[in-house]
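Letter by letter, the chains look like this.
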Amino acid sequence: MLDQIFERILDMIKYSKKNDVKDGKIINAELDPVKFEMHLDISFPSVLPVKVIAELNKALKEGMVKEKIVNNVIITYSYDKEEIDPIVLKEYYRYTV
């Protein structure tokens with residue numbers, strides 16, 4: 001069931017770049033009933049480019065709040081493949097610095 005949740009969430013928020021994140025899966029989803037805050041753990045086979053993750057973060061957070069699904073979203077990403085392409089690593093470095 002969790003493997004279908006990611007696609008349903010993307011549909012609910014009308015995310016237009018599904019192809020970029022098509023291999024994503026929700027590993028865990030928890031709702032804090034007091035804060036009405038969603039905690040999502042999303043897994044991908046390999047590290048995605050910074051631009052894709054940044055767009056996905058923004059879309060999930062803004063979309064779920066706009067659709068009044070939750071008040072806030074906290075997202076954690078994990079990757080099956082531990083190796084990271086040096087170019088992608090540089091992108092993350094520039095993004096965080």
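Structure shown above.
Below is a summary of the structure that appears in this document. (Residues numbered from 1 in each chain as written. Predicted model: local features only at pLDDT ≥ 70, side-chain atom pairs only at ≥ 80, totals over all residues. Heavy atoms only, no water.)

Let's talk about the overall build of the protein
Next up, step 1: Of the regular secondary structure elements, the protein holds three helices and three strands.
Next up, step 2: Scanning the protein from its N terminus toward the C terminus, one meets helices and strands in the order α-β-β-α-β-α.
Next up, step 3: Its C-alpha atoms give the protein a radius of gyration of 14 Å, within 12% of the compact-globule value 13 Å for 97 residues.
Next up, step 4: Projected onto the principal axes, the alpha-carbon positions of the protein cover approximately 40 × 30 × 25 Å.
Next up, step 5: Across the 97 residues in the protein, those meeting the buried criterion constitute 30%.
Next up, step 6: Partitioning the intrachain contacts of the protein with sequence separation of at least 6 by distance along the chain shows that 62% fall at a separation of at least 24.
Next up, step 7: Averaging the positions of the 15 positive and the 17 negative side-chain charges in the protein gives two centres separated by 7 Å. (Helix = DSSP H or I, 4+ residues; strand = E, 2+ residues; numbered from the N terminus. Rg over C-alpha atoms; globule rule 2.2 N^0.38 Å. Buried < 20%, exposed > 50% of the residue type's maximum accessible area, 1.4 Å probe, protein only. Contact = heavy atoms within 4.5 Å. Lys, Arg positive; Asp, Glu negative; His and termini not counted. Charge placed at Lys NZ, Arg CZ, Asp CG, Glu CD.)

Regarding the nonpolar core
Next up, step 1: Among the nonpolar cores identified, the biggest contains 22 residues, and Val 21, Ile 42, Phe 44, Leu 56 and Leu 60 are the most heavily contacted of them.
Next up, step 2: Secondary structure elements with two or more residues in this core: α1 (2-12), β2 (37-44), α2 (50-66) and β3 (72-79).
Next up, step 3: A total of five residues in this core trace back to one element, the largest contributor, which is α2. (Core = buried A, V, L, I, M, F, W, Y, C linked by side-chain atoms within 4.5 Å.)

Considering the side chain of Ser 43
Next up, step 1: Inspection of the secondary structure assignment puts Ser 43 in strand β2.
Next up, step 2: By relative accessible area, which is 7% here, Ser 43 ends up buried.
Next up, step 3: Within polar-contact distance, the side chain of Ser 43 engages the side chain of Asp 80 at 3.4 Å. (Polar contact = N/O pair within 3.5 Å; in protein donor to acceptor, adjacent residues only side chain to side chain.)

A look at the packing of aromatic side chains
Next up, step 1: Considering all chains together, one arrives at three aromatic pairs under this definition.
Next up, step 2: Aromatic side chains Phe 44 and Tyr 79 sit 6.4 Å apart centroid to centroid with 25 degrees between the ring planes, which places their arrangement in the stacked category. With Phe 44 in strand β2 and Tyr 79 in strand β3, the pair connects residues that are 35 residues apart, well separated along the chain.
Next up, step 3: A residue is classified by how much of its surface remains accessible, and Phe 44, at 1% relative accessible area, is buried.
Next up, step 4: Given the relative accessible area of 25%, Tyr 79 is considered partly exposed. (Phe/Tyr/Trp six-rings, centres within 6.5 Å; stacked < 30°, edge-to-face > 60°.)

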